[in-house]
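Okay, here's what each chain looks like letter by letter:
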Amino acid sequence: MSNSQPRASTSPATQPPTPTTTPSAGQAPHRPVGPDRPRITGAVGVSEVEASVLERTGLPRVDYVDHFTLAPIAATSPTPTAEQWARALFGDVPSLGERFIWQGVLQLRLANGRSPLTVAGWRIAEISDDAGAGEGWIRLETESWALRASLVIHTDGESVSLTTALQYDRPIGSVVWPPLSAVHRRLIPSLFHPAAAQLASGQSGA
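Below: a short report on this structure.

Thresholds applied
Residues numbered from 1 in each chain as written. Predicted model: local features only at pLDDT ≥ 70, side-chain atom pairs only at ≥ 80, totals over all residues. Heavy atoms only, no water. Core = buried A, V, L, I, M, F, W, Y, C linked by side-chain atoms within 4.5 Å. Buried < 20%, exposed > 50% of the residue type's maximum accessible area, 1.4 Å probe, protein only. Helix = DSSP H or I, 4+ residues; strand = E, 2+ residues; numbered from the N terminus. Contact = heavy atoms within 4.5 Å. Pairing = 2+ DSSP bridges. Axes fitted to C-alpha atoms, helices over the stretch in contact; angles between N-to-C directions. Arc of directions from axis to C-beta. Parallel < 35°, antiparallel > 145°, perpendicular 65-115°, else oblique. Nonpolar A, V, L, I, M, F, W, Y, C, P; charged D, E, K, R; others polar. Expected span 1.5 Å × (residues − 1). Bend = angle between axes of the 7 residues up to and from the residue. Patch = residues over 30% accessible without salt bridge, like charges linked within 9 Å, V, L, I, M, F, W, Y side chains within 5 Å. Areas by Shrake-Rupley, 256 points an atom, 1.4 Å probe, with all protein chains shown as cover. Salt bridge = Lys/Arg side-chain N within 4 Å of Asp/Glu carboxyl O.

1. Here we look at the nonpolar core
No. 1: In terms of nonpolar packing, the biggest core is built from 35 residues, with F90, W122, L140, I153 and F192 touching the most fellow members.
No. 2: The greatest single-element share of this core, amounting to six residues, is contributed by helix α2 (residues 82–90).
No. 3: With residues near it in sequence (within four places) discarded, L140 still touches V119, W122, R123, I124, A149, S150, L151 and I153.
No. 4: The next biggest cluster of nonpolar side chains, apart from the first, holds seven residues, and it includes V49, V53, L59 and V65.

2. With respect to the sheet that holds strand β7 (residues 160–168)
No. 1: Taking strand neighbours across the sheet as the criterion, the seven strands line up as β1-β2-β7-β6-β5-β4-β3 in an open arrangement whose pairing is antiparallel. Each edge of the open sheet carries a strand with a single partner, namely β1 (39–44) and β3 (118–119).
No. 2: Taken together, the six bridges between β1 and strand β2 (residues 64–71) define a ladder with antiparallel strand orientation. Bridge pairing in β2 links A43 to H67.
No. 3: Across the sheet, helix α5 (residues 189–200) touches β1, β2 and β7, and the angle it forms with β2 is around 35°.

3. Considering α5
No. 1: Those residues of α5 not exposed but buried are P189, F192, H193, A195 and L199. Mapping the buried residues of α5 onto a view down its axis gives an arc of 165°, with all of them on the same face.
No. 2: As for α5, its buried residues are in contact with β1, β2, α2, β7 and α4 (171–187).
No. 3: Backbone geometry just downstream of α5 places G202 in the positive-phi region, at approximately 95°.

4. Some words on the packing of α4 against α5
No. 1: Axis separation between α4 and α5 bottoms out at 4 Å; the angle between their running directions is 30°. It follows from the interaxial angle that α4 and α5 lie roughly parallel. Across the interface between the two elements, R185, R186 and L187 of α4 pack against P189, S190 and L191 of α5.
No. 2: Looking at the contact of α4 with α5 residue by residue, the class counts come to three nonpolar, one polar and two charged.

5. Comments concerning unusual backbone geometry
No. 1: Here the residue pair A71 and P72 is connected by a cis peptide bond, since its omega of -10° sits within 30 degrees of zero.
No. 2: Within the fold, P72 resides in the loop between β2 and α2.
No. 3: A positive phi angle, close to 60°, is found at Q107, a residue other than glycine.
No. 4: What makes Q107 partly exposed here is its relative accessible area of 42%.
No. 5: The phi dihedral of A120 falls on the positive side, at around 50°, and the residue is not glycine.
No. 6: Mapped onto the elements of the fold, A120 is located in the loop between β3 and β4 (122–130).

6. Describing α4
No. 1: The end-to-end C-alpha distance of α4, which contains 17 residues, comes to 25 Å, matching closely the 24 Å that a straight helix rising 1.5 Å per residue would cover.
No. 2: Of all bends in α4, the biggest is about 35°, found at S181.
No. 3: Residues of α4 that are buried sit in contact with β2, β6 (147–155) and β7.

7. Some thoughts on the pairing of β7
No. 1: With nine of nine residues buried, β7 lies mostly within the body of the structure.
No. 2: Both faces of β7 are covered, namely the face carrying V160, L162, T164, L166 and Y168 and the face carrying S161, T163, A165 and Q167.
No. 3: With seven bridges connecting them, β2 and β7 associate as antiparallel partners. Residue pairing across strands places D66 opposite T164, the latter belonging to β7.
No. 4: Linking two consecutive strands that pair antiparallel, namely β6 and β7, is a turn of four residues; a positive phi of about 90° is found at G157 within it.

8. Considerations on a nonpolar patch on the surface
No. 1: A cluster of nonpolar residues, F100, V105, W145, I172, V175 and V176, forms a patch on the protein surface that exposes about 530 Å² of accessible area.
No. 2: Contributing elements (two or more residues each) for the nonpolar patch: α3 (96–105) and α4.
No. 3: For the nonpolar patch, the element with the most residues is α4, which contributes three residues.
No. 4: Relative to the helices and strands, F100 resides in helix α3.
No. 5: F100 sits in the exposed class, given a relative accessible area of 57%.

Shape is all these values report; function is a separate question.
Structure representation (C-alpha cells):
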C-alpha cells in the first residue's frame, strides 16, 4: 500500500471574482477612479439629499434633485470661490450644446452675452462666500413656462458639489424632464475634472 500523501497544487490560487456593485435607486452612477484620485459621488431624489442642500436651491417645492460631489480637490492659492467653480463648470456664456438642451428642449430663459450677473446665461440669484473659511456657494436660477430650475455650486476648500433642482409648474414639466435627466446625470460628472484642471491652471473665468 502506498504511503504517499496527496501533493499540494503548485498552480496559482484561483482568485475570487472582484465584486461589483450596482448603484441603488437613489444613488447616481459615478466613474470609478484610483485611490489617489478625486472621486465623484452622487445622489438622486429628495429623500437622498440632505435638507441643507435642498434649502440652498431656493425652490418652494423640489420635484427633482440630484447632487454630485468631487472630493478631494487640489489645494490652490487663493482657494477658488463658488462663482469661479460655476464659471469653470459651465462657462461665462452657454455653449451650443447647453443652449440646445436648456433653451431648445427645456425652453429655459437664458441671458445673452457675458455678464457679472449671469453664468452660462443663468442669472446669479444668491452668493454666500466665507473667504476666511474657504467655504461658499452660489445659486443660479432660470425658468420656462413649465418649470423652474436651480443650479447650486458649493465648495468648502476640500470638495465641490453641484446640485440640480427642478420644480414642475405644469404637468408637462414632469413629462419632458425625466427622459432628459438620465442624459443629464451622465454628463454632469464629466464636467468636474476639466473644471478642476482649469482652476488649478489659474484660469478662473470672468
